[in-house]
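Structural characterization, general
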Amino acid sequence: MTHAVNVHPLVSPWGRFGLYSFYIDAPEPAVVDTGIASSPAEGMAPALEAIGRRIEDVRWILLTHGHIDHIGGAHALWELTGRRAQVVIHEADAPMLRARRAHVDEYLAGRGQYLGDPEGEAKVTAATNAVISGEMEPTLLVSGGETLSLGGDVTVSVHSIPGHTPGSVAYAIDGRRSVFVGDAVQVHGAANGFPGYTDPVAYRAGLRYVRDELRPQHLYLGHPYRRADGTPYGVELDAAQAQEALSQSLEAEGRVSAAACGCLEAGLRETDSPYSPFAPAADDLGYAGDPTLEPSPFFTSLHGYRTQHNQPRSTGASHS
């Protein structure tokens, strides 16, 4: 590759979280993830102006997955480009871009079962109305394996790495091993101190794929995820930090898996614990975070193990 490609992080504050998007300075500029409804106008536009770029010139909006803090600003950013940017998302997460209600349904089918909040549905509905700038049909659906041209000799390859969500993807700038993974590398979690994923087997496989196949020289994370001691990584990791974060992510998932499986094998019991019915798993892990704070990764992940535990045993090759 002869064209120099610089990447600029774009931060948007939101509650306890720092939301990060990334600007790929290519002939056809791209933004990876879009924060929330206010992010494009209040965060991205002035940040790009400060480096001599214009938000109107963005031609690609690359979404790593469908959660509200990553797709919330997509419609607003698309509007700011004069509706000229191509909006890209994996087909499995596209419903989250098309309809706010999909986020409410996800809540009710997963973590909402455990939170015991009679106002939960109303709260999630209000959050989606406030945070998602608009419902829209994506310009381009991907499934993994595609190559996108950002002009000149700059191409980005799309890699399916489900687990955090069914449609999580990594975007890799070809020839540079610069990899954008959104929330697919959780380490020990972000603000809630617990890794969050809906499909544990797919999450583990995705981590190994990024580590062994993509082998990033530059790894870009959607949030400052934390090490075991609680100290956060940045969102731009070099090769050594990337390998460490991926290894720690696999180790963390292994510990959560052992605790979850032990809890499920013993049989779930409803108790007064805020971690019910997974209180033994929280005890085994020494987890003392508040499981009710959105996005409630404790219940999201434990529900994932419960779902897989209840599935019929496969006769094929096992995932370890």
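As a starting point, this report considers the structure included with it. Computed from a prediction, not measured in an experiment: that's the story for all the values here. (Residues numbered from 1 in each chain as written. Predicted model: local features only at pLDDT ≥ 70, side-chain atom pairs only at ≥ 80, totals over all residues. Heavy atoms only, no water.)

**Details of the nonpolar core**
Grouped together as the largest cluster of nonpolar side chains are 44 residues, with contacts concentrated most on Val181, Leu219, Phe298 and Leu302. Considering every element that reaches this core, the biggest residue donor is helix α9 (residues 239–266), with 9 residues. The residues contacting phenylalanine 298, other than those within four sequence positions of it, are Phe194, Tyr275, Phe278, Ala282, Tyr287 and Pro291. Of all hydrophobic cores here, the second largest spans 24 residues; its members include Leu48, Val58, Ile61 and Val131. (Core = buried A, V, L, I, M, F, W, Y, C linked by side-chain atoms within 4.5 Å. Buried < 20%, exposed > 50% of the residue type's maximum accessible area, 1.4 Å probe, protein only. Helix = DSSP H or I, 4+ residues; strand = E, 2+ residues; numbered from the N terminus. Contact = heavy atoms within 4.5 Å.)

**Thoughts on the side chain of threonine 64**
Tracing the chain through its elements places threonine 64 in the loop between β4 (60–62) and α2 (68–71). Threonine 64 sits in the buried class, given a relative accessible area of 1%. A distance of 2.8 Å separates the side chain of threonine 64 from the side chain of aspartate 33, its partner in a polar contact. In this view, threonine 64 contacts Val32, Asp33, His70, Gly167, Ser168, Val169, Tyr171, Phe180, Val181 and Gly182; residues no more than four positions away in its chain are not counted. (Polar contact = N/O pair within 3.5 Å; in protein donor to acceptor, adjacent residues only side chain to side chain.)

**A closer look at unusual backbone geometry**
The amide bond that connects serine 276 to the next residue, proline 277, takes the cis arrangement and shows omega of 5°. Within the secondary structure, proline 277 sits in the loop between α9 and α10 (279–285). Despite not being glycine, arginine 83 shows a phi value in the positive range, around 60°. With respect to the helices and strands, arginine 83 occurs in the loop between α3 (74–80) and β5 (86–90). In the Ramachandran plot, arginine 215 falls in the positive-phi region, its phi being about 45° despite a non-glycine side chain. In this structure, arginine 215 sits in the loop between α8 (200–214) and β11 (218–221). Since its relative accessible area comes to 43%, arginine 215 is described here as partly exposed.

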